[in-house]
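The residues making up each chain are set out below.
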Amino acid sequence: QVQLVESGGGLVQAGGSLRLSCAASGRIFSSYDLGWFRQAPGKERESVAGIKRSGGSTLYRDSVKGRFIISRDNAKNTVILQMNSLKPEDTAVYYCAAVRRQLNFWIAVDVDYWGQGTQVTVSS
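All figures in this text were calculated on a predicted structure; none of them were measured in a lab.

## A word on the nonpolar core
If you look at the biggest cluster of nonpolar residues, it comprises 26 residues, and the most contacted ones within it are Trp 36, Val 48, Phe 68, Val 79, Leu 81, Met 83 and Tyr 94. Listing elements by their share of this core, those giving two or more residues are strand 3 (18–24), strand 4 (33–39), strand 5 (46–51), strand 7 (68–73), strand 8 (78–83), strand 9 (92–99) and strand 11 (118–123). Other than its neighbours up to four places away in sequence, Leu 81 contacts Leu 18, Arg 19, Leu 20, Trp 36, Val 48, Ala 49, Phe 68, Ile 69, Ile 70 and Tyr 94. Counting residues in hydrophobic clusters, the runner-up holds five residues, among them Phe 37, Ala 97, Trp 106 and Val 111.

Now the structure itself:
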């Protein structure tokens, strides 16, 4: 059983930044690919960013490339999403996610463990 706990969400003005953190129970990060999804009201859950267990490969949704940076620290069992130049369309609940199987893409149906989610609201 893996528990993921997000923190760092909140309200920010357009153009501002937020740093989301996800902490996992135990020392399991090296066995999972990790990343983030988000879901806005009335919309489907969509991928945001993923990072392989080695930390050597990352994947970003096109709309966040150049603005968001994902990183992980396996020794601390944490994964970080640094969000810069935020836009109102980034408003959503952000979920930390862990995938045990080594796959070639980052989609919600492959997720083994979900965090509870943290609200990010970007005002204009």
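There is more to say after this.
## Observations concerning the sheet that holds strand 3
Taken together, the four strands give an open sheet; going across it, the order is 1-3-8-7, and neighbouring strands pair in antiparallel fashion. The sheet terminates laterally at strand 1 (4–7) and strand 7, the two strands that pair on one side only. Shown here is a sheet whose adjacent strand axes are inclined to one another by a mean of 15 degrees, direction ignored. With four bridges joining them, strand 1 and strand 3 adopt antiparallel strand pairing. By the bridge assignment for strand 3, Leu 4 is matched with Ala 24.

## Comments concerning the state of the cysteines
Counting across every chain of the model gives one disulfide. Note on cysteine connectivity: Cys 22 is disulfide-linked to Cys 96, with sulfurs 2.1 Å apart. The sign of the -85 degrees torsion about the S-S bond sets the Cys 22-Cys 96 disulfide as left-handed. Taken as a pair, Cys 22 in strand 3 and Cys 96 in strand 9 lie far apart in primary sequence, 74 residues in all. The exposure classification of Cys 22 matches that of Cys 96, with both residues buried.

Parameters at a glance
- Residues numbered from 1 in each chain as written.
- Predicted model: local features only at pLDDT ≥ 70, side-chain atom pairs only at ≥ 80, totals over all residues.
- Heavy atoms only, no water.
- Core = buried A, V, L, I, M, F, W, Y, C linked by side-chain atoms within 4.5 Å.
- Buried < 20%, exposed > 50% of the residue type's maximum accessible area, 1.4 Å probe, protein only.
- Helix = DSSP H or I, 4+ residues; strand = E, 2+ residues; numbered from the N terminus.
- Contact = heavy atoms within 4.5 Å.
- Pairing = 2+ DSSP bridges.
- Axes fitted to C-alpha atoms, helices over the stretch in contact; angles between N-to-C directions.
- Disulfide = S-S within 2.5 Å.

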